[in-house]
Amino acid sequence: MDFKQIEAFIKVVELASFSKAADELYVSQPSISHYITSLEKELHVVFINRSTKALSTTLAGERFLEKAKEMMALKREAIEMLKNLSMDISGEIRILASSVPALYILPQTLAAFHKLYPQISFNVRQADTLEVVEGIAAQSADIGFAGSIMKEKKCVFHEFTNEGLVFIAPNDGSYSKNKKYTLEELLYSNHFIAREFGSGTRMQYEKYFTENGILLDKIKTCASMDSTHSIINAVINGLGISIVSELAVRNLFEQKLLMPIELKTALPERKIFAVLNKSIVHSHLVELFMEYADIEAKYEKRELTR
């Protein structure tokens, strides 16, 4: 049993595809099949059901998956330990981030960091807050950035930064720029475009709605979308109103494509959290990035754990 076999098995299960796993690992599909078949023969067990249309694991495969991930984690920790000894400032940091930090907050930070440490690269993937937390718990990335704290015993959350939320509407005269609206006026009488379940933005504004007496089942939701850009374009085209990051629409306000809706009860600022797996040893590259991004200093002020 070797690490190539284990890595191939994990990728096939995670991606539910031999071909996608091959692309992810930059090898041929026959190689992936060979790795897994040879692993099964060596251990005298079948890990993957190949007779069904949708790929699935056997009971043995399901139970082996967790151990396989632990073995890969131990391999990474051993490599990082050796790198730490040599202080090799090169390698990759894997980041999993929800849409707002991925699109509007991290790019500037990553660019500035890369100028200081050009031998460190980043693999950034975008997901919703729930997927970010699950990914960090499963060690699919080194550090996550998300808009809410989730109940996950393997993760620790630290405040990273704040960003504003804003109600947006099409700039077509439907809403007054001089009026402050109540939440009831906006949500019970107008079409509202929601973010998908699992979105940190949605968790934040639904908490705010509930605290201000809004009944969520009375909101006139006309659509649910998993992309800030999709919501913005839908609002511009008159589908409804919505709540998005102020960073995402600042230029569109200046271009008069959208307008902010003023509220009698102001929307709260939204916190962005750095998410780490608290059960593993983090690489010196991750520690270096956290220090640069001022996350380490914030550890000392407040640690948000479940």
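Just above, that's the structure.
The structure reproduced in this document is the subject of the present report. None of the values given here were measured: they were computed from a predicted structure.

Moving on: helix α6 (residues 129–137). Within the span of α6, buried status applies to T129, V132, V133, G135, I136 and A137. Those residues of α6 hidden inside the fold are in contact with β3 (91–97), β5 (143–146), β6 (155–163), α8 (200–211) and β14 (270–277). Two to three positions downstream of the cap, the backbone nitrogen of L130 sits 3.1 Å from a side-chain oxygen, assigning the N-cap of α6 to D128. Downstream of α6 by one or two residues, Q139 has phi in the positive range, about 65°.

The next thing to look at is the packing of helix α2 (residues 18–25) against helix α3 (residues 29–43). Relative placement of two packed helices is described by the angle separating their axes and the distance separating the axes. For the pair α2 and α3, interaxial distance at closest approach is 8 Å and the crossing angle is 105°. Here α2 is positioned roughly perpendicular relative to α3, judged by the angle of their axes. The segment α2 lies against α3, with F18, S19, A21, A22 and L25 engaging Q29, I32, S33 and I36. A per-class count over the contact of α2 with α3 returns six nonpolar, three polar and no charged.

Judged by nonpolar contacts, the single largest core of 24 residues is most densely connected at I93, I95, L106, I143, F145, F160 and I295. At the level of secondary structure, the elements contributing two or more residues to this core comprise β3, α5 (99–116), β5, β6, β14 and α11 (284–292). The element that contributes the greatest number of residues to this core is α5, accounting for six residues. Leave out the neighbours within four places in its chain, and I93 touches I120, S121, F122, N123, D142, I143, L285, V286 and F289.

Moving on, we get to the pattern of salt bridges. Counted by the stated rule, this structure contains 11 salt bridges. Notably, a salt bridge pairs E159 with K271, separated by 3.3 Å at the nearest N-O pair. Residue E159 is located in strand β6, and its partner K271 is located in strand β14; the two are separated by 112 residues in the primary sequence. Residue classification places K271 among the partly exposed positions, given a relative accessible area of 33%. Each of K11, E14 and E24 takes part in a single network of salt bridges with overlapping partners.

Moving on, we come to the layout of surface pockets. The probe, sized like a water molecule, is rolled over the atoms to show the empty space still left. Its volume calculated, the largest pocket comes out at about 1300 Å³. Taken together, 40 residues make up the lining of the largest pocket; nearest its centre are K11, R76, R94, Q139 and S140. Within the residue set of the lining of the largest pocket, elements represented by two or more residues are α1 (3–15), α2, α4 (59–86), β3, β4 (120–126) and α6. Among the elements that line the lining of the largest pocket, the one with the most residues is α4, at nine residues. Residue classes in the lining of the largest pocket are distributed as 15 nonpolar, eight polar and 17 charged. Considering only enclosed or pocket space, the second largest pocket measures out at about 270 Å³ in volume. Lining the second largest pocket are 13 residues, and of these E66, E70, A137, Q139 and K154 lie nearest its centre.

Read across the sheet, five strands follow the order β4-β3-β5-β14-β6 without closing on themselves; strand pairing throughout is mixed. The sheet terminates laterally at β4 and β6, the two strands that pair on one side only. Strand-to-strand, the axes of this sheet are offset by a mean angle of 25°, without reference to chain direction. Where β3 meets β4, seven bridges bridge the pair, whose relative direction is parallel. By the bridge assignment, G91 is partnered in β4 with I120. On the sheet, α5 packs against β3, β4, β5, β6 and β14 and is oriented at approximately 175° with respect to β4.

The next subject is the packing of aromatic side chains. A full pass over the atoms with the stated rule returns 15 aromatic pairs. Taken together, a centroid distance of 6.1 Å and an interplanar angle of 70° make the contact between F192 and F209 edge-to-face. Of the two residues, F192 sits in strand β9 (residues 192–195) while F209 sits in helix α8, which places them 17 residues apart along the sequence. A relative accessible area of 0% places F209 in the buried class. An aromatic cluster is defined as three or more aromatic residues linked by ring pairs; in this entry it consists of F113, Y117, F122, F289 and Y292. Over the face of the ring belonging to F197 we find R202, whose NZ or CZ atom lies 3.8 Å from the ring centre. Positioned over the ring face of Y188 is K218, at 4.6 Å from the centre of the ring.

Checked against the element boundaries, H282 lands in the loop between β14 and α11. Overall, H282 belongs to the buried group, its relative accessible area being 18%. In this structure the side chain of H282 is engaged in a polar contact, spanning 3.1 Å, whose partner is the backbone oxygen of N277. Setting aside chain neighbours within four positions, we find H282 in contact with D142, L276, N277 and E287.

The rules behind these values
Residues numbered from 1 in each chain as written. Predicted model: local features only at pLDDT ≥ 70, side-chain atom pairs only at ≥ 80, totals over all residues. Heavy atoms only, no water. Buried < 20%, exposed > 50% of the residue type's maximum accessible area, 1.4 Å probe, protein only. Helix = DSSP H or I, 4+ residues; strand = E, 2+ residues; numbered from the N terminus. Contact = heavy atoms within 4.5 Å. Polar contact = N/O pair within 3.5 Å; in protein donor to acceptor, adjacent residues only side chain to side chain. Axes fitted to C-alpha atoms, helices over the stretch in contact; angles between N-to-C directions. Parallel < 35°, antiparallel > 145°, perpendicular 65-115°, else oblique. Nonpolar A, V, L, I, M, F, W, Y, C, P; charged D, E, K, R; others polar. Core = buried A, V, L, I, M, F, W, Y, C linked by side-chain atoms within 4.5 Å. Salt bridge = Lys/Arg side-chain N within 4 Å of Asp/Glu carboxyl O. 1 Å grid on protein atoms, 1.4 Å probe; cavity = no way out; pocket = protein on both sides within 12 Å on 5 of 7 lines; lining within 4 Å. Points joined across faces, edges and corners; volume = space filled by probe spheres on them. Pairing = 2+ DSSP bridges. Phe/Tyr/Trp six-rings, centres within 6.5 Å; stacked < 30°, edge-to-face > 60°. Lys NZ or Arg CZ within 6 Å of the ring centre and 35° of its normal.

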